[in-house]
Amino acid sequence: MSRFLHSRYQNMEPYTPGEQPQERKYIKLNTNESPYAPSPRVLEAINRTEAEQLRLYSDPEARALVNAIAHRYGVDRSQVMVGNGSDEILAFCYMAFGERGFRYPQISYGFYPVFAETFGVDGQAVALKEDFTIDIDDYKNAGRTVLIANPNAPTGICLSRSQVEEIVASNPDDVVIVDEAYVDFGGESSVGLLSKYDNLVVVQTFSKSRNLAGARLGFALTSPELAEDLNKMKFSFNPYNVNRLSIVAGAAAMEDEAYFQECTGRIRKTREKTAQFLSDLGFTVLPSSANFLFVKPGTMGGTEYFTRLREEGILVRHWSDPRIVDFVRVTIGSEEEMERFCMVTKILVEG
Ligand code: PMP
């Protein structure tokens, strides 16, 4: 740290992203990316002609992308806001709606408390129940902005739309943000509630179910008024936040519904097969509606399992938080990758 750093940030603990190894080739099951390539339509769309246009700034309103999203979700364009990953959308939410503080679950996406620090927002973390589910009563009449990942991460457990609705309905004077990064793998989306509530922000991403983590694309679906607030943040920070190629890629991905269904369907099938295999081996496997499994081996600690998988060339995610130290989060990879993962796991467990 230099002597120039703003005193506000001197004790800040930044977010630690999952490893992106550049040398050794691992089976990468640690950052919830898709094992499948982007839609063929994306590959066609980001062609030489588009690349030549890179000398020009991107459309600050990202109209091609906003239109494709609005069409897919049956909302008005004024209800869509796009960002450089959903991380950026969440950052805009903290900037815009943080005045009275945020409340989010204690075990959830690790970036939530970091954003609170970054933006000087009072972040209140509420413990999950013993079974790792969210107690919706903890989020009713919150008196502050509510932020919930649904399905939650890293547990993979989801709330029903009616449970989310209870939270939204009980906070008419506060914003409720539902982070649906993983919803396309089996969760129940709250997008349908937008016609009834003006205090709801649904955040989604292209990083998981649309196979475009490297394009950095996320979006919010909300009321026109809240979208306007989020845009105010964006135009006060980075007006060209989504680059030209990502606008084109995102629009093409959003239009390829068949490919989206195929990829998410395959991942769900592989997830169920892997979950069954691990349960049969004596693992605790939380019920996942996401593209990952949160699992605890019956015969060894989480740290040992993580380390031994790594030695075998398989990367998963592990946290030192005592409540989840014996769990690891395993992204669902391709069918072949998961076969290898299961085989290695069986050997490690059975010795
Ligand atoms: N929300 C949750 C719950 C996540 O796990 C992630 C991925 N790390 C994100 C948001 C951010 O994803 P991205 O910025 O790639 O859209």
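Everything numeric in this text was worked out from a predicted model, so none of it was measured.

Structural notes on a negative patch on the surface
On the surface, Asp198, Glu225, Glu228 and Asp229 cluster together into a negatively charged patch. Among the structural elements, glutamate 228 can be located in helix H7 (residues 224–234).

Details of the sheet that holds strand S10 (residues 292–296)
Sheet architecture is open: three strands sit in the order S9-S10-S12, paired in antiparallel fashion. In this open sheet, the two edge strands, each paired with only one partner strand, are strand S9 (284–285) and strand S12 (328–331). As paired strands, S9 and S10 are joined by two bridges and run antiparallel to one another. For valine 285, the partnering residue across the bridge sits in S10 and is valine 295. Each of S9 and S10 touches helix H9 (residues 257–280); the most contacted strand, S10, lies at about 5 degrees to it.

Considering the sheet that holds strand S4 (residues 123–126)
The mixed open sheet is built from seven strands, whose spatial order is S2-S8-S7-S6-S5-S3-S4. Unpaired on one side and paired on the other, strand S2 (80–83) and S4 mark the two borders of the sheet. Sheet twist, expressed as the mean angle between neighbouring strand axes with direction ignored, is 20 degrees. Of the strands in this sheet, S2, strand S7 (200–205) and strand S8 (218–222) are in contact with helix H3 (residues 63–73), which crosses S2 at around 130 degrees.

Quick word on the packing of aromatic side chains
One pass over the full model with this rule turns up 18 aromatic pairs. For the pair tyrosine 73 and phenylalanine 219, a centre-to-centre distance of 5.8 Å together with 45 degrees between the ring planes defines the contact as tilted. Taken as a pair, tyrosine 73 in helix H3 and phenylalanine 219 in strand S8 lie far apart in primary sequence, 146 residues in all. The pair formed by tyrosine 73 and phenylalanine 219 is uniform in burial state, with each residue classed as buried. Consider the rings of tyrosine 109 and phenylalanine 111, whose centres lie 6.0 Å apart with planes at 70 degrees: the pair is edge-to-face. Using a relative accessible area of 21% as the deciding quantity, one classes tyrosine 109 as partly exposed. Here phenylalanine 111 falls in the buried class, since its relative accessible area comes to 18%. An aromatic cluster of at least three residues, connected via ring pairs, comprises Tyr15, Tyr94, Phe102, Tyr104, Tyr109, Phe111, Tyr112, Phe115 and Phe119. The aromatic ring of tyrosine 73 is capped on one face by arginine 72, whose charged end is 4.7 Å from the ring centroid. Note that arginine 329 overlies the ring of phenylalanine 292, its terminal NZ or CZ placed 5.6 Å from the centroid.

Side note on helix H4 (residues 85–97)
Taking 1.5 Å of rise per residue, 13 residues should cover 18 Å, and H4 covers 19 Å from first to last C-alpha, within 8% of that figure. For H4, the buried fraction is high: 10 of the 13 residues fall into the buried class. Among the residues making up H4, those that are buried are Gly85, Ser86, Glu88, Ile89, Leu90, Ala91, Phe92, Cys93, Tyr94 and Phe97.

Calculation notes
Residues numbered from 1 in each chain as written. Predicted model: local features only at pLDDT ≥ 70, side-chain atom pairs only at ≥ 80, totals over all residues. Heavy atoms only, no water. Patch = residues over 30% accessible without salt bridge, like charges linked within 9 Å, V, L, I, M, F, W, Y side chains within 5 Å. Areas by Shrake-Rupley, 256 points an atom, 1.4 Å probe, with all protein chains shown as cover. Salt bridge = Lys/Arg side-chain N within 4 Å of Asp/Glu carboxyl O. Lys, Arg positive; Asp, Glu negative; His and termini not counted. Charge placed at Lys NZ, Arg CZ, Asp CG, Glu CD. Helix = DSSP H or I, 4+ residues; strand = E, 2+ residues; numbered from the N terminus. Pairing = 2+ DSSP bridges. Contact = heavy atoms within 4.5 Å. Axes fitted to C-alpha atoms, helices over the stretch in contact; angles between N-to-C directions. Phe/Tyr/Trp six-rings, centres within 6.5 Å; stacked < 30°, edge-to-face > 60°. Buried < 20%, exposed > 50% of the residue type's maximum accessible area, 1.4 Å probe, protein only. Lys NZ or Arg CZ within 6 Å of the ring centre and 35° of its normal. Expected span 1.5 Å × (residues − 1).

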